[in-house]
Amino acid sequence: MNSDFSEGKVWRRIVEQAVPLTLAQLVQLLYNVIDRIYIGHLPGAGSLALTGVGLAFPFATFITACAQLFSSGAVPLFSIARGAGKEKRASKILGNAMSMILVISVAVFFVCYRFREPLLYLFGASDETIGYASSYLQIYLFGVLFSLIGTGMNGFINAQGYPKTAMLSTVIGAVINLILDPILIFGLGLGVRGAAAASVIGQFVSASWILHFLTGRKALFTIQFQNMIPDFSIMKETLSLGIAGFVQQMTNCLVQIVCNATLKTYGGDTYVGIMTILNSVREIASLPIVGLTGGAQPVLGYNYGAKEYERVRSGIRFAAVTGILYTTFFWAMVLLFPSVFIRMFSSDASLLVPGIHALHLYFFGFCFMSLQFVGQYTFIALGKAKQAVFFSLFRKVVLVVPLTILLPMLTSLGTDGVFIAEPISNFFGGLASFGTMWFTVYRRLGKAERES
């Protein structure tokens, strides 16, 4: 595997990184999506059980947000250091990321486990759904450390030029999860607890695989004890850059909470269940664009560190065009085959008609979301944390959250107002993020290239 990202066609290097990463993330997504599909079809309890698991989304998103401190913080710094030939610094970044994961996983577990039920009620749980949500989390939270390692450290394998190995890291765990899901949920009759247990076991296997590689002989850079000793300057840089990914996920968490609470007020458990389905579809829809931008990150970061600015510009163009084409295609699929997406997650006939209506509203103008991703992830890849944080906050906190609250309150839209908030934010947030990146990064890189 050629780990020098300054060689070969840029689009090809991005695809080489993005395809295995997307497949790995697809398998990772199956951890939760397959759980929801099985749970949504539980005899006699599918709709309420699905809603209960949906209420646990903010907890899972919070765990992912913590992992993003390292995968979107340390990994770009690691790639830039490699591109600049600073191998000792790259090794320290890797070791310090592992140390921070070990510490934060303990804090996350105890806080989430201790306050899970009060938080679930705050997030929109009812007396009918709290049992399902709490039972799921009671098991799921024991996988916090494994989840953080899986999400936070796997990027270091990809950044060393081993995307297929990174893909296998999640494939192995997910296959185990897929096998165990029907056995534990239906065979042993454990229901939502079985789904959570299957996820934890799968995450454990994935984390074990990642640690085996990052401490073995094949890796170019390995986890070593001396590099795990805290280096506060590296930790500060990691957290400063990683805060962008953290904020992005935390704003997702905030949006999930506000949406569920608002829908509980205006539509009840049925519409919280519909939002669970929409979130699941959106995760599936976002997967290729997340894989594309994630695959572009080490390539852009490496070439930026090597001062190959035209290659960076070429990578940005490729990610933007490919992202717009894909998201437009998926939007068309939602318009043409909406019932397929709803039935995938629930056999409850009462969810079909309102679910299709909500799906059409929620995914309107989905193509603009790709602009948000390309702009924001370019900022992250080049180490520009402040811009990435700003546009994450702008789209979610400034646009989505207020619109979600105000549209149902100040108009007659009711639950429709919650679903319309998403496309409005995609349009304005996407244009703002991509436009700013284009004028402040892309064009300046062109000028720097011409002057060199």
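The rules behind these values
Residues numbered from 1 in each chain as written. Predicted model: local features only at pLDDT ≥ 70, side-chain atom pairs only at ≥ 80, totals over all residues. Heavy atoms only, no water. Helix = DSSP H or I, 4+ residues; strand = E, 2+ residues; numbered from the N terminus. Expected span 1.5 Å × (residues − 1). Buried < 20%, exposed > 50% of the residue type's maximum accessible area, 1.4 Å probe, protein only. Patch = residues over 30% accessible without salt bridge, like charges linked within 9 Å, V, L, I, M, F, W, Y side chains within 5 Å. Areas by Shrake-Rupley, 256 points an atom, 1.4 Å probe, with all protein chains shown as cover. Salt bridge = Lys/Arg side-chain N within 4 Å of Asp/Glu carboxyl O. Lys, Arg positive; Asp, Glu negative; His and termini not counted. Charge placed at Lys NZ, Arg CZ, Asp CG, Glu CD. Core = buried A, V, L, I, M, F, W, Y, C linked by side-chain atoms within 4.5 Å. Contact = heavy atoms within 4.5 Å.

### Observations regarding helix 17 (residues 368-381)
In this model, helix 17 (14 residues) spans 20 Å end to end at C-alpha, consistent with the 20 Å of a helix rising 1.5 Å per residue. By the criterion of burial, helix 17 is predominantly enclosed, with 13 of the 14 residues buried. Of the residues flanking the end of helix 17, it is G383, one or two places downstream, whose phi is positive at about 80°.

### A word on a positive patch on the surface
A grouping of R443, R444, K447 and R450 is seen on the molecular surface, where their side chains present a positively charged patch. Relative to the helices and strands, R443 is located in helix 19 (residues 415-451).

### Some thoughts on the nonpolar core
Within soluble globular proteins, side chains that are nonpolar tend to cluster in buried spots. Counting residues in each nonpolar core, the largest one holds 131 residues, and the members touching the most others are M153, F156, L214, F330 and F363. In contact with F363, not counting residues within four places along its chain, are L278, V281, R282, A285, F330, W331 and V334.

### Description of the pattern of salt bridges
Inspection of the entire model under this criterion finds seven salt bridges. For R13, the salt bridge identified is with E16, shortest N-O distance 2.8 Å. Placement of both R13 and E16 in helix 1 (residues 10-40) is noted, with a separation of three residues, approximately one turn of the helix. Judged by its relative accessible area of 5%, R13 falls in the buried class. Accessibility expressed as a relative area gives 35% for E16, which makes it partly exposed. When the shortest N-O distance is used, the salt bridge between E310 and R317 registers 3.6 Å. Take E310: its relative accessible area is 33%, and that puts it in the partly exposed class. In the salt-bridge network here, residues are joined through shared partners; they are R282, R395 and E422.

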